[in-house]
Amino acid sequence: MMLTSSAMFQSEYDRDSELKAFDDSKKIRRIFIHPKSNLPAESGSPVSLLGIPLIDLDGVDNKGTLRAQIIDEVRDAVLEEMMDGIRGFHEQDTEVKKQFYVREFKRKVSFVSNFELFHAPVATWKDTLACAMAPNPPDPQELPAVCRDIVVQYIKQVKGLSYTLFELLSEALGLDANHMKDMECAEGIFLLGHYYPVCPEPELTLGARKHTDTSFLTVLVQDQVGGLQVLHENQWIDAAPIPGAIVINVGDLLQVITNDRFKSIEHRVLANRRLGPRVSVAGAFGTSFLRSSRLYGPIKELLTEENPPKYKEATLRDHVAHLKGKRV
Ligand code: OGA
Ligand code: NI
């Protein structure tokens, strides 16, 4: 993957022999090597799924069984097609990907290798196609042709799912079902199509560093390769792929508006040690891409004398800046 980005802008050298030398070496460059303390222990016993709640949303919409079954099938087809679309983007000719390449997320549609390269201390082993899909979606023509139709369709589906989730979360807190939707929690969507190439020295680097998401919620679909881990009571737990399951992460902004009732979850992705690439699609709701001047703070109805606000009213961008500043 670094091959793609680092080689992209230099034409005067012998690319083929340099690529071959790099590939033959089966070594990763120094910039990818993470401190040992951030890497999994070699003999660590893998803990699977312990404590990650698995929730079956079947029937949540109270639709007839046949209808629910059809919806299921359509949904599964959409998930699969979306993963294929993202894989297709990353595996197409470099010349095509180049048109979307930027160093950071500056455009509505950007292809980035190591979007944190200049902010993070160490690089990670993945590439990302990022699309700011709401509230101001790109013109479909701006989306890569190989995944254009499915991205548009996927966003519709995932937005519907997010409405259901925000309703359930609102009700779980004793609020009106529409409370979070009315706060526009589902109105900003940043879509990240990740591609984790096989890494020749996976024990030295990571696919994604430990982080929390700067969203209200992130809806994550992963293929069957695995590597996602969540930090629970100071222990890394594998969020092993389950066919048909979608991972929902609580993000920083949900933590703010619930005054810490729902805490954002720290997670990371191990460098890919399998035989083939790993693909995942993260839909982040309400990211700082929502350049709204609207102020957000803990929901008033949740506050009491014993539970005073832990956060000030601020724009989403300011909350993100504040929280990230504190935690990095
Ligand atoms: C993310 C993320 C995990 C994954 O995009 O924020 O954590 O499995 N992705 O790709
Ligand atoms: Ni994340």
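These notes cover the structure that comes with them.

Procedures and definitions
Residues numbered from 1 in each chain as written. Chains lettered and ligands numbered in written order. Predicted model: local features only at pLDDT ≥ 70, side-chain atom pairs only at ≥ 80, totals over all residues. Heavy atoms only, no water. Helix = DSSP H or I, 4+ residues; strand = E, 2+ residues; numbered from the N terminus. Buried < 20%, exposed > 50% of the residue type's maximum accessible area, 1.4 Å probe, protein only. Contact = heavy atoms within 4.5 Å. Areas by Shrake-Rupley, 256 points an atom, 1.4 Å probe, with all protein chains shown as cover. Pairing = 2+ DSSP bridges. Axes fitted to C-alpha atoms, helices over the stretch in contact; angles between N-to-C directions. Donors = N, O, S within 2.8 Å, 3.2 Å for Na, K, Ca; no water. Salt bridge = Lys/Arg side-chain N within 4 Å of Asp/Glu carboxyl O. Phe/Tyr/Trp six-rings, centres within 6.5 Å; stacked < 30°, edge-to-face > 60°. Lys NZ or Arg CZ within 6 Å of the ring centre and 35° of its normal.

**Things to note about the overall build of the protein**
Then comes step 1: Looking only at helices and strands, the protein features eight helices and ten strands.
Then comes step 2: Here the protein holds 328 residues, and 45% of them are scored as buried.
Then comes step 3: Within the protein, counting contacts between residues at least 6 apart in sequence, those at least 24 apart form 75% of the total.
Then comes step 4: Entry remark: accessible area of the protein is about 17,100 Å², with carbon and sulfur atoms responsible for 52%.

**Some points on the sheet that holds strand β10 (residues 278-285)**
Then comes step 1: Reading across the sheet, the six strands line up as β1-β2-β3-β10-β5-β8 and stay open at both edges, with antiparallel pairing between neighbours. In this open sheet, the two edge strands, each paired with only one partner strand, are β1 (109-113) and β8 (247-250). The average undirected angle you get between the axes of adjacent strands in this sheet is 20 degrees.
Then comes step 2: With four bridges joining them, strand β5 (residues 217-222) and β8 adopt antiparallel strand pairing. Each bridged residue has a counterpart across the sheet, and for leucine 220 the counterpart in β8 is valine 247.
Then comes step 3: Here helix α5 (residues 148-172) sits on the sheet in contact with β2 (127-134), β3 (189-196), β5, β8 and β10, set at roughly 130 degrees to β5.

**A look at the coordination of the nickel ion (ligand 2)**
Then comes step 1: All of the protein donors around the nickel ion (ligand 2) are His211 (NE2), Asp213 (OD) and His267 (NE2); their distances to the metal are 2.0 to 2.1 Å.
Then comes step 2: Along the chain, the residues donating to the nickel ion (ligand 2) fall in the pattern H-x1-D-x53-H. Placement of the pair is aspartate 213 in the loop between β4 (206-211) and β5 and histidine 267 in strand β9 (residues 267-270), with a sequence separation of 54 residues.
Then comes step 3: Overall, the relative accessible area of 10% leaves aspartate 213 in the buried class.

**Description of the pattern of salt bridges**
Then comes step 1: Scanning all chains against the criterion turns up eight salt bridges.
Then comes step 2: With its nearest N and O atoms 3.4 Å apart, the salt bridge here joins lysine 159 to glutamate 187. Pair noted here: lysine 159 is in helix α5 and glutamate 187 is in the loop between α6 (179-182) and β3, with a separation of 28 residues, a long-range link.
Then comes step 3: Look at lysine 159 and you get partly exposed, because its relative accessible area is 22%.
Then comes step 4: Look at glutamate 187 and you get partly exposed, because its relative accessible area is 23%.
Then comes step 5: For lysine 300, the salt bridge is made with glutamate 313, and the minimal N-O distance between the two is 3.3 Å. Placement of the pair is lysine 300 in the loop between β10 and α8 (316-327) and glutamate 313 in the loop between β10 and α8, with a sequence separation of 13 residues.
Then comes step 6: Judged by its relative accessible area of 56%, lysine 300 is exposed.

**Comments concerning the packing of aromatic side chains**
Then comes step 1: According to the stated counting rule, one finds seven aromatic pairs in the structure shown.
Then comes step 2: Here phenylalanine 89 and phenylalanine 111 contribute two aromatic rings whose centre-to-centre distance is 5.4 Å and whose plane-to-plane angle is 75 degrees, an arrangement assigned as edge-to-face. You can see phenylalanine 89 sitting in helix α3 (residues 65-90) and its partner phenylalanine 111 sitting in strand β1, a full 22 residues away along the chain.
Then comes step 3: Owing to a relative accessible area of 0%, phenylalanine 89 belongs among the buried residues under this scheme.
Then comes step 4: Centre to centre, the rings of phenylalanine 166 and phenylalanine 285 are 6.4 Å apart; their planes meet at 80 degrees, and the pair counts as edge-to-face. Here phenylalanine 166 is found in helix α5, whereas its partner phenylalanine 285 is found in strand β10, with 119 residues between them in sequence.
Then comes step 5: Aromatic rings pair up to connect Phe89, Phe100, Tyr101 and Phe111 into one cluster.
Then comes step 6: Here lysine 181 stacks its cationic end above the ring of tyrosine 163, 5.5 Å away from the centre of that ring.

**As for the environment of glycine 297**
Then comes step 1: Residue position: glycine 297 is located in the loop between β10 and α8.
Then comes step 2: Sequence spacing of glycine 297 and leucine 253 is 44 residues, and the spatial spacing of their C-alpha atoms is 9.1 Å.
Then comes step 3: Sequence-distant contacts of glycine 297, that is, excluding residues within four places in its chain, are made with Val256, Ile257, Lys312, Glu313 and His319.

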